[in-house]
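Per-entry structural report
Chain by chain, the residues run as shown.
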Amino acid sequence: MIHAVKGLNDQALKTYNNLLSLFDKLDMDIKTKLSLIDAMVVPILLYCSEVWGIYNFTDVDKIHIRFCKNIFDVKQQTPNACIYGELGRYPLSLITKERFIKFWTKIMKSDSSPIHNIYFDLCNHYNLRSWATRIHSVFDHLGYTTILQDYNAIINYFPMLKQRLHDQYLQDWSTNIRASPKLEHYCKFKDTFCFEDYLSKLQSNELR
């Protein structure tokens, strides 16, 4: 599986390099560049992440933050937390968690499908690296173990789980920018995780 993920990363990198050439030729604002990345690069990076995302492959975040820093025109040594915070973008590893949780909800509602039976076979045969075991550990971390024990097919759990994922990330983000010596002054001015208006209003990289 690791080779397949690496192949996706390599393909996404080629696509991004082509976009960089386009960015050099055409004057585009940051939002347009991010939209192009979301449309042309991110789908490659996250292909089938419903399955492999549970195994915490970190390269997807490395490539994503590299893209963001290039677009932002800052050094690669710039702390990741402030880049995510200024752009209001979540790490792709968080998006993969959303996707495999949503995939789990579909499995649970398709009780007559083969994949539903495979999932419960995995649940009944404990394996530390199995997809079922990993998804259970994510639910534990979110504080929603009870959903696994008292699942109700009538309830749409995904919005609640997605919101908990985001809330946990934002709490960690806030803690990280306050704990980082490099961001001692930054955290005094930045307390909201969102795309900042100045990024659209100031076209000059130096002024930004």
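Look a little higher up for the structure.
Everything in this summary refers to the structure shown in the same document. (Residues numbered from 1 in each chain as written. Predicted model: local features only at pLDDT ≥ 70, side-chain atom pairs only at ≥ 80, totals over all residues. Heavy atoms only, no water.)

1. As for the overall build of the protein chain
The secondary structure content of the protein chain amounts to 13 helices and zero strands. Along the chain direction, N to C, the helices and strands of the protein chain fall in the order α-α-α-α-α-α-α-α-α-α-α-α-α. Taking the principal axes of the C-alpha coordinates as reference, the protein chain spans close to 55 × 40 × 30 Å. Buried residues in the protein chain amount to 41% of all 208 residues. Summarising the internal contacts of the protein chain: among those between residues at least 6 apart in sequence, 64% fall at separations of at least 24. (Helix = DSSP H or I, 4+ residues; strand = E, 2+ residues; numbered from the N terminus. Buried < 20%, exposed > 50% of the residue type's maximum accessible area, 1.4 Å probe, protein only. Contact = heavy atoms within 4.5 Å.)

2. Some thoughts on the nonpolar core
Among the nonpolar cores identified, the biggest contains 57 residues, and Leu87, Ile101, Trp131 and Ile135 are the most heavily contacted of them. Among all residues touching Leu87, those that are not within four sequence positions of it are Ile30, Leu34, Cys68, Phe72, Cys194, Phe195 and Leu199. (Core = buried A, V, L, I, M, F, W, Y, C linked by side-chain atoms within 4.5 Å.)

3. Observations concerning the side chain of Thr78
Mapped onto the secondary structure, Thr78 falls in the loop between helix 5 (59-72) and helix 6 (80-87). A polar contact is formed between the side chain of Thr78 and the backbone oxygen of Lys75, at a distance of 2.8 Å. Setting aside anything within four residues of it in sequence, one finds Thr78 in contact with Lys69 and Ile83. (Polar contact = N/O pair within 3.5 Å; in protein donor to acceptor, adjacent residues only side chain to side chain.)

4. Some words on the side chain of Thr96
Inspection of the secondary structure puts Thr96 in helix 7 (residues 92-109). Excluding its chain neighbours within four sequence positions, the residues that come into contact with Thr96 are Leu46, Ser49, Trp52 and Gly53.

5. A closer look at the pattern of salt bridges
Overall, the coordinates contain six salt bridges when judged by the stated rule. Ionic pairing is found between Glu50 and Arg99, a salt bridge with its closest N-O pair at 3.0 Å. Here Arg99 lies in helix 7 and Glu50 lies in helix 4 (residues 49-52), a separation of 49 residues in the sequence. Each of Glu86, Lys190 and Glu196 takes part in one network of salt bridges that share partners. (Salt bridge = Lys/Arg side-chain N within 4 Å of Asp/Glu carboxyl O.)

6. Digging into the packing of aromatic side chains
Where two aromatic rings form a pair, the distance of their centres and the angle of their planes describe that pair. Tallying each qualifying case throughout the model produces eleven aromatic pairs. Ring geometry for Tyr169 versus Phe193: centroids 5.8 Å apart, planes at 80 degrees, classification edge-to-face. With a gap of 24 residues between them, Tyr169 in helix 11 (residues 158-179) and Phe193 in the loop between helix 12 (186-189) and helix 13 (198-201) connect regions that are remote in the sequence. Phe193 carries the same exposure label as Tyr169, and that label is buried. In this structure an aromatic cluster arises from ring pairing among Tyr90, Tyr169, Trp173 and Phe193. (Phe/Tyr/Trp six-rings, centres within 6.5 Å; stacked < 30°, edge-to-face > 60°.)

By themselves, these are just geometric observations and shouldn't be taken as functional.
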